[in-house]
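# Summary of structural features
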Amino acid sequence: MRDGHPDVDLRHEGVTIRMITVTDDYYGLTERHIELARQISAVARTLDIPADPSAVQTVQVTVDALAGPDVVAFWRALLGYQDHANSGEDLIDLHRRGAPFYFQQMDAPRPQRNRVHVDVWVPYDQAEVRIAAALAAGGRLVNDADAPSNWVLADPEGNEACVGVAGWIGPDAGRP
C-alpha cells in the first residue's frame, strides 16, 4: 500500500484487501491498516458480505545469515526481488505478490536452531487466538519475553515462527 491505496484481489471465493505500507523507513502492517480493515468489515456487513478479521495479517520470511551480503545477493537473484530502500538487509517484491525477506545478521553459527523462520504480523486483538491455535496444532512456546508485542513459537520439529502484533494499545501505541 503506497500513498494509502490498498491492493484488491478479486477471486471466486471472495475479495481480499491487502494493506501494507512500503516507505523508505517502514514495511509492514500499521495501526492505520487495522482501522481501515475494521471500516471495510463494517461496510461488508451492511452488504451482507461476510468479513473475516482473523485473516488480517502480513507475513515476512527471516533468514539468519553469517555472510549477509552474499546471502542477500543469492535470494535477490533467485526471487527477482529488489532491495528495500537500499537497506542491504530487506528484499521486497515490487509487484507486492510475495512475502518480504529480512536478513538478520548473525555473529556465530547456531547449529541447534533453524536459520530461516517466518514472521507473522496480526492485529493485537487476534494474537492470542492465533497463538492458541498454533499451540493446539502441536506447536510450542519458545519465548514470550517481548509479549504482548512478540512471541516466538516452534512447530513440532523445532522450526520457529515469530508472531508480532499491530494495533497494540500499550506504551508504543501510535507508532506506524
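Scope of this entry: the structure provided in the associated data block. Starting afresh in each chain, residues are numbered from 1 along the sequence in its written order. Restriction of local features to residues with pLDDT of at least 70 applies here, the model being predicted, together with a cutoff of 80 or more for giving and counting side-chain atom pairs; totals for whole chains, interfaces and linings are based on all residues. As a rule here, side-chain values cover all heavy atoms of the structure and leave hydrogens and water aside.

## Notes on the nonpolar core
- Side-chain atoms within 4.5 Å are what join buried Ala, Val, Leu, Ile, Met, Phe, Trp, Tyr and Cys residues into a set we call a nonpolar core. Each residue's exposure class comes from its accessible area (1.4 Å probe, protein chains only) as a fraction of the maximum for that residue type: buried when under 20%, exposed when over 50%, partly exposed otherwise. Core analysis: the largest hydrophobic core is formed by eight residues, namely Val120, Val122, Ala127, Ile131, Trp151, Leu153, Val163 and Val165.
- For this core, the secondary structure elements donating two or more residues are strand 9 (116-123), helix 3 (127-136), strand 11 (150-154) and strand 12 (160-166).
- Every residue pair with non-hydrogen atoms within 4.5 Å of one another is taken to be in contact. Look past the residues within four positions of Trp151 in its chain and what remains in contact with it is Ala127, Ile131, Leu141, Asn143, Asp144, Ala161, Cys162, Val163 and Val165. Helix and strand assignments come from DSSP, with helices taken as H or I runs of at least 4 residues and strands as E runs of at least 2, each series counted from the N terminus.

## As for the environment of Phe103
- Residue placement: Phe103 occurs in strand 8 (residues 101-105).
- Each C-alpha atom, one on Phe103 and one on Ile34, is 26 Å from the other, the two residues being 69 residues apart in sequence.
- Among all residues touching Phe103, those that are not within four sequence positions of it are Val63, Val71, Val72, Trp75, Glu89 and Leu91.

## Some details on the environment of Ile17
- Position of Ile17 among the secondary structure elements: in strand 2 (residues 14-18).
- The exposure class of Ile17 is partly exposed, given its relative accessible area of 28%.
- Separated by 39 residues in sequence, Ile17 and Val56 place their C-alpha atoms 9.2 Å apart.
- Not counting chain neighbours up to four residues away, the residues in contact with Ile17 comprise Pro6, Asp7, Val8 and Ile40.

## What about the side chain of His117?
- If you trace the backbone, His117 turns up in strand 9.
- Pairing of N or O atoms within 3.5 Å defines a polar contact, subject to two protein rules: one partner must be a possible hydrogen donor and the other a possible acceptor, and residues neighboring in sequence count only if both atoms are side-chain atoms. Reaching out from His117, the side chain makes a polar contact with the side chain of Asp119 at a distance of 3.1 Å.
- The residues touching His117, leaving out its near neighbours within four places in the chain, are Gln60, Val61, Thr62, Asp64, Glu160, Ala161 and Cys162.

## Quick notes on the sheet that holds strand 10 (residues 140-143)
- Strands are labelled as partners when DSSP assigns at least two bridges between them. The strand order across the open sheet formed by eight strands is 6-7-8-5-9-12-11-10, and the pairing between neighbours is mixed. Pairing within the sheet leaves two strands with one partner each, and these edge strands are strand 6 (82-83) and strand 10.
- By the bridge criterion, three bridges tie strand 10 to strand 11 in an arrangement that is antiparallel. Its bridge partner being in strand 11, Leu141 is matched across the sheet by Leu153.
- Axis definition: a line fitted to C-alpha atoms, limited for helices to the stretch in contact. Angles are taken between N-to-C directions and run from 0 to 180 degrees. Strands in contact with helix 3 are strand 9, strand 10, strand 11 and strand 12; relative to strand 11, the strand with the most contacts, it is inclined by about 15 degrees.

## Things to note about unusual backbone geometry
- In the segment running from Ala147 into Pro148, the intervening peptide bond is cis, with an omega of 10 degrees.
- Although it is not a glycine, Ala85 adopts a positive phi angle of roughly 50 degrees.
- The backbone phi angle of Asn86 is positive, close to 55 degrees, even though this residue is not glycine.
- Within the secondary structure layout, Asn86 lies in the loop between strand 6 and strand 7 (90-92).

## A closer look at a nonpolar patch on the surface
- A surface patch of nonpolar side chains, about 320 Å² in accessible area, is lined by Val8, Leu10 and Val15.
- Mapping Val15 onto the fold places it in strand 2. In this analysis, a patch consists of residues with relative accessible area above 30% that form no salt bridge, clustered at 9 Å for like charges and at 5 Å for the nonpolar side chains Val, Leu, Ile, Met, Phe, Trp and Tyr. To be clear on the numbers: accessible area is Shrake-Rupley with a 1.4 Å probe, and residue cover counts the displayed protein chains and nothing else. A pair is scored as a salt bridge if a Lys or Arg side-chain nitrogen falls within 4 Å of a carboxyl oxygen belonging to Asp or Glu.

## Describing helix 1 (residues 31-46)
- Helices are assigned an expected span. That span is 1.5 Å times one less than the residue count. Taking 1.5 Å as the rise per residue, helix 1 with 16 residues should run 22 Å; its terminal C-alpha atoms sit 23 Å apart, in good agreement.
- What helix 1 keeps buried is the set His33, Ile34, Ala37, Ser41 and Ala44. One side of helix 1 holds all its buried residues, which, seen down the axis, span an arc of 100 degrees.
- One or two positions beyond helix 1, positive phi appears at Asp48, with a value near 55 degrees. The arc in question is formed by the directions pointing from the helix axis toward the C-beta atoms.

## Digging into the environment of Arg76
- Mapped onto the elements, Arg76 comes out in helix 2 (residues 68-79).
- Exposure remark for Arg76: the relative accessible area of 28% places this residue in the partly exposed category.
- Between the C-alpha atoms of Arg76 and Ala133, which are 57 residues apart in sequence, the distance is 33 Å.

## Overview of the pattern of salt bridges
- Under the criterion given, the structure shown has two salt bridges.
- Linking Asp83 and Arg76 is a salt bridge whose minimum nitrogen-to-oxygen distance equals 3.0 Å.
- Classification of Asp83 as partly exposed rests on a relative accessible area of 29%.
- Between Asp93 and Arg97 there is a salt bridge; the shortest N-O distance is 3.8 Å.

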